[in-house]
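Each chain, written out:
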Amino acid sequence: MRILCSIAVVTSMVLPGAQTLPAQRAPKIHELKASSRTVHRGFFDASLKPVLTIDSGDIVKLETATGNARYFEQLGVPKEKIPAELYDVFEGVDNAGRGDHTLNGPIYINGAQPGDMLEIRIRSVDVRLPIAGQGFVPNRGLLPEDFPQGKDRVLWLDLKKKTAEYAPGVVVPLRPFWGVMAVAPPPSMGRVPSGPPNIFGGNMDNRDLTSGTTLYLPVFVPGALLSVGDGHAAQGYGEVCLSAIETSLKGEIQVIVHKNKSLKQPRAETPTHFMTMGLHTNLDEATKIATRDMLDWLVEEKGLSREDAYMLASAAMDLVVTQVVDGTKGIHALMPKAIFRNNSKIK
């Protein structure tokens, strides 16, 4: 019987056999602000040159930008009410699109190689600017037949109360998270649009990947090349109209390389749950992918037979619709940590 660390102390989904690069020093803290020199828009590419290089275990204080100033101008916002930094970040952009997928990075992590796993601890994430946008366009979203005309609106965020008022008496609490967190795709895929999520992460739009959670991604290229963006102040499961409350965020992440630990697709964990993710154009298939990966984890980490893992999943696992509007749909499976009461593998 192999003895595992208590889950109250170690709550990682890292599987047996994974080795973390040794920490030789205290983590270094880096800053990565959003500017026209640090962002790329609307794609992932293994050939992108990094804007920051860090070591495994380092912490990055980063800011992301969402909201082309020209987008807000065309919706009637006076220039003096639009944060000046948005003009800088969107310098040279020749359209008035909102620019949700303005992605900060990529970040090169020393020691990361194909076949490794990246652990991204989301230490904090918060809104940083009071202006946000939301909208939908024709022929997109969950109900295109019901809404043939598009619509956009500006939302003003109360940064102290952490709320957004949709209408008098209709107030939405803010729960910020980054909709896009991704490593570079395999070089064989070339330049990949950032809209649909994939095995490298990307536009997962998973509202449960917020402050205090950890995301695990496979590594496909040297340095991993991590990009972060698509700030959401609030989003419901499903993101049915195609857009969350899209805004600029700030936060901290800590990035750790685990050697020789390959993943088939992203995994994650919250303070209370282990999470696997299914991504597919068909929602039923996405459900199967998330469930099968959870069964894999239960077999590998907890020592259950696959049959018993299947029954445990039926008794304790929740399936949540992540998003249904990005072409590739998302489901994430949640297994509560509290049900694992001892330190040992189950026979």
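Reading the values: the criteria
Residues numbered from 1 in each chain as written. Predicted model: local features only at pLDDT ≥ 70, side-chain atom pairs only at ≥ 80, totals over all residues. Heavy atoms only, no water. Helix = DSSP H or I, 4+ residues; strand = E, 2+ residues; numbered from the N terminus. Rg over C-alpha atoms; globule rule 2.2 N^0.38 Å. Buried < 20%, exposed > 50% of the residue type's maximum accessible area, 1.4 Å probe, protein only. Contact = heavy atoms within 4.5 Å. Polar contact = N/O pair within 3.5 Å; in protein donor to acceptor, adjacent residues only side chain to side chain. Expected span 1.5 Å × (residues − 1). Phe/Tyr/Trp six-rings, centres within 6.5 Å; stacked < 30°, edge-to-face > 60°. Lys NZ or Arg CZ within 6 Å of the ring centre and 35° of its normal. pLDDT = per-residue confidence, 0-100. 1 Å grid on protein atoms, 1.4 Å probe; cavity = no way out; pocket = protein on both sides within 12 Å on 5 of 7 lines; lining within 4 Å. Points joined across faces, edges and corners; volume = space filled by probe spheres on them. Pairing = 2+ DSSP bridges. Nonpolar A, V, L, I, M, F, W, Y, C, P; charged D, E, K, R; others polar.

Novice: Quick one: what's the story with the overall build of the chain, residue by residue and with numbers?
Specialist: Helix and strand counts for the chain come out as 4 helices and 21 strands. Whereas a compact globule of 347 residues would reach a radius of gyration of roughly 20 Å, the chain reaches 20 Å, a difference of no more than 12%. In terms of overall dimensions, the chain has C-alpha extents of about 65 × 45 × 40 Å along its principal axes. Scored against the burial criterion, the 347 residues of the chain give a buried share of 53%. In the chain, 78% of the contacts between residues at least 6 apart in sequence involve partners at least 24 apart.

Novice: For the side chain of Gln235, give the residues involved together with the corresponding values.
Specialist: Positionally, Gln235 belongs in the loop between strand E16 (226–234) and strand E17 (245–259). We classify Gln235 as buried; its relative accessible area is 9%. A polar side-chain atom of Gln235 sits 3.1 Å from the main-chain carbonyl oxygen of Asp205. Within the local environment of Gln235, its side chain forms a polar contact with the side chain of His232, the two groups lying 3.1 Å apart. Contact partners of Gln235, with chain neighbours within four places excluded, come to Phe177, Asp205, Arg207, Ala244 and Thr322.

Novice: Residues and numbers for helix H3 (residues 283–302), please.
Specialist: The first and last C-alpha atoms of H3 sit 28 Å apart over 20 residues, in line with the 28 Å expected at 1.5 Å per residue. Of the residues making up H3, those classed as buried are Ala286, Ala290, Thr291, Asp293, Met294, Leu295, Asp296, Trp297, Leu298, Glu301 and Lys302. Among the structural elements, strand E18 (267–269), strand E19 (273–280), helix H4 (306–316), strand E20 (318–323) and strand E21 (329–336) are those in contact with the buried residues of H3. In this structure Asn282 caps H3, since a side-chain oxygen of it lies 2.8 Å from the backbone nitrogen of Asp284.

Novice: How would you summarise the packing of aromatic side chains if you had to cite specific residues and measurements?
Specialist: A complete count under the given rule lists 6 aromatic pairs for this structure. Ring geometry for Tyr71 versus Phe72: centroids 5.3 Å apart, planes at 70°, classification edge-to-face. Across the pair, exposure class does not vary: Tyr71 and Phe72 are buried alike. Through successive ring pairs, a cluster of aromatic residues spans Phe274, Trp297 and Phe340. The ring centre of Tyr237 lies 4.5 Å from the NZ or CZ of Arg207, which sits over that ring. Stacked on the ring of Phe274, the Lys or Arg Lys337 has its end atom at 5.3 Å from the ring centre.

Novice: Can you break down the confidence of the model for the chain residue by residue, with the values?
Specialist: Taken as a whole, the chain shows an average pLDDT of 92; of its residues, 92% reach a score of 70 or greater. pLDDT under 50 marks residues 1–11. Its contacts with residues more than four places away, or in other chains, come to 19 contacts.

Novice: Which residues make up the layout of surface pockets, and what values do they have?
Specialist: By volume, the largest pocket is sized at about 570 Å³. Together, 31 residues line the largest pocket, and Arg98, Gly99, Asp100, His101 and Leu242 are the ones closest to its centre. Looking at the lining of the largest pocket, the elements with two or more residues in it are helix H1 (69–74), strand E8 (117–136) and E16.

Novice: Provide a residue-level description of the pairing of strand E6 (residues 59–64), including the pertinent values.
Specialist: Burial within E6 is extensive, with 5 of its 6 residues counted as buried. With 4 bridges joining them, strand E2 (residues 29–32) and E6 adopt parallel strand pairing. Residue pairing in the sheet places Leu32 in a bridge with Leu62 of E6. Bridge count between E6 and E17: 6 bridges; the pairing is antiparallel. Note that in E17 the partner of Leu62 across the bridge is Gly251.

Novice: Give a description of empty space enclosed by the protein that names residues and reports values.
Specialist: Evaluated as defined, the whole model comprises 2 cavities of 30 Å³ or more. Quantified by volume, the largest cavity comes out at close to 40 Å³. What lines the largest cavity is simply His40, Phe44, Asp45, Leu48, Pro106, Ala182, Val183, Ala184, Pro185, Leu225 and Ser227. For the lining of the largest cavity, a count of residues per class yields 8 nonpolar, 2 polar and 1 charged. Of the pockets and cavities examined, the second largest cavity occupies roughly 30 Å³. Together, Met204, Asn206, Met277, Gly278, Leu279, Thr322, Gly330 and Ile331 line the second largest cavity. When residues of the lining of the second largest cavity are traced back to their parent elements, those giving at least two are E19 and E21. The greatest single-element share of the lining of the second largest cavity, amounting to 3 residues, is contributed by E19. Broken down by class, the residue content of the lining of the second largest cavity amounts to 4 nonpolar, 4 polar and no charged.

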